[in-house]
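Observations on the model geometry
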Amino acid sequence: MFILAAGSYFDIREHRIPNWLVLAGIAAGLFLSWLDAGGNGGGEAVLQEMIFFACRFLVVTAAFFFLFICRMIGAGDIKIISLICGYLGFGTGFAAVAWGFLIGAFWSLVLMIVKGCAFQRFSYFLTYIRSIFQTKKITAYYSSSLNGYDAVIPLGLCMFSGVVLAVVFF
């Protein structure tokens, strides 16, 4: 929870999640896997638990990489999502990430309605999808240098909230 809270803070303040924080999360996840498996230092169960954590992290990173290529989600957000699934496993991790995306979607919708740009953003998204199918080239959906940060929500905070919901209520 501390890693996610710190990631949320950096996401809000700097619009990015530092790699050192993610590396600390990976190190803590491997250590906690070691403790969870008994922590006897050389047992097969310890190694297996640490490998499971690393595999969950890598599988989720690979699964979300396409969204990063399209610039629909940041690399730090993917690493936070991967840490969530690494720690919680695929079942609870999926629930936490789903709640996080729902919170983010609701927040985005409210933001677009308040700013009066909902129609413009949906039109932009549909044009982007159409462009991909017509040109068969993947381009960046969002560029901070062109679009600024007005429509950006801190997905790290949404994921943190999703974890809280999933862990407390499920």
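Structure first, text after, so check above.
Now for a quick tour of the structure. (Residues numbered from 1 in each chain as written. Predicted model: local features only at pLDDT ≥ 70, side-chain atom pairs only at ≥ 80, totals over all residues. Heavy atoms only, no water.)

Compared with an ideal rise of 1.5 Å per residue, which puts 18 residues at 26 Å, helix α2 (residues 19–36) spans 25 Å between its outermost C-alpha atoms and is within 8% of the ideal. Buried within α2 are the following residues: Leu21, Val22, Gly25, Gly29 and Ser33. Around the axis of α2, the buried residues are gathered within 115° of arc, so they sit on the same side. Along α2, the residues that are exposed and aim more than 90 degrees away from the buried face are Trp20 and Leu23. Those residues of α2 that are buried lie in contact with α1 (2–14), α3 (44–69) and α4 (75–115). (Helix = DSSP H or I, 4+ residues; strand = E, 2+ residues; numbered from the N terminus. Expected span 1.5 Å × (residues − 1). Buried < 20%, exposed > 50% of the residue type's maximum accessible area, 1.4 Å probe, protein only. Arc of directions from axis to C-beta. Contact = heavy atoms within 4.5 Å.)

Ranked by internal contacts, the top residues of the largest apolar core, which has 26 residues, are Ile80, Ile81, Leu83, Ile84, Val97 and Met159. Elements with a minimum of two residues in this core: α1, α2, α3, α4 and α7 (155–169). If one sorts the elements of this core by residue count, α4 sits on top with eight residues. Discounting chain neighbours no more than four positions away, the residues touching Ile80 are Leu4, Ile17 and Met159. (Core = buried A, V, L, I, M, F, W, Y, C linked by side-chain atoms within 4.5 Å.)

Closest axis-to-axis distance for the α2/α4 pair is 10 Å, and the angle between their directions is 10°. The angle between α2 and α4 places the two elements in the roughly parallel class. Here Asn19, Val22, Gly25, Ile26, Ala28, Gly29 and Leu32 of α2 come into contact with α4, specifically with Lys79, Leu83 and Tyr87. Residue composition of the contact of α2 with α4, grouped by class: six nonpolar, three polar and one charged. (Axes fitted to C-alpha atoms, helices over the stretch in contact; angles between N-to-C directions. Parallel < 35°, antiparallel > 145°, perpendicular 65-115°, else oblique. Nonpolar A, V, L, I, M, F, W, Y, C, P; charged D, E, K, R; others polar.)

Relative to the helices and strands, Val164 is located in helix α7. Take Val164: its relative accessible area is 29%, and that puts it in the partly exposed class. Put simply, Val164 and Lys136 are 28 residues apart on the chain and 39 Å apart in space, counted from C-alpha to C-alpha. When neighbours within four sequence positions are excluded, Val164 is seen to be in contact with Met1 and Phe169.

When the terminal C-alpha atoms of helix α5 (residues 118–135) are compared, their 26 Å separation across 18 residues agrees well with the 26 Å that a helix rising 1.5 Å per residue should span. Along α5, the residues classified as buried are Ala118, Arg121, Tyr128 and Ile132. Axial view of α5: buried residues confined to an arc of 95°, hence all on one face. With respect to the buried face of α5, the exposed residues turned more than 90 degrees away are Phe119, Gln120, Leu126, Phe133 and Gln134. Of the surrounding elements, those touching the buried residues of α5 are α4. Lys136 occupies a position one or two residues after α5 and carries a positive phi of about 55°.

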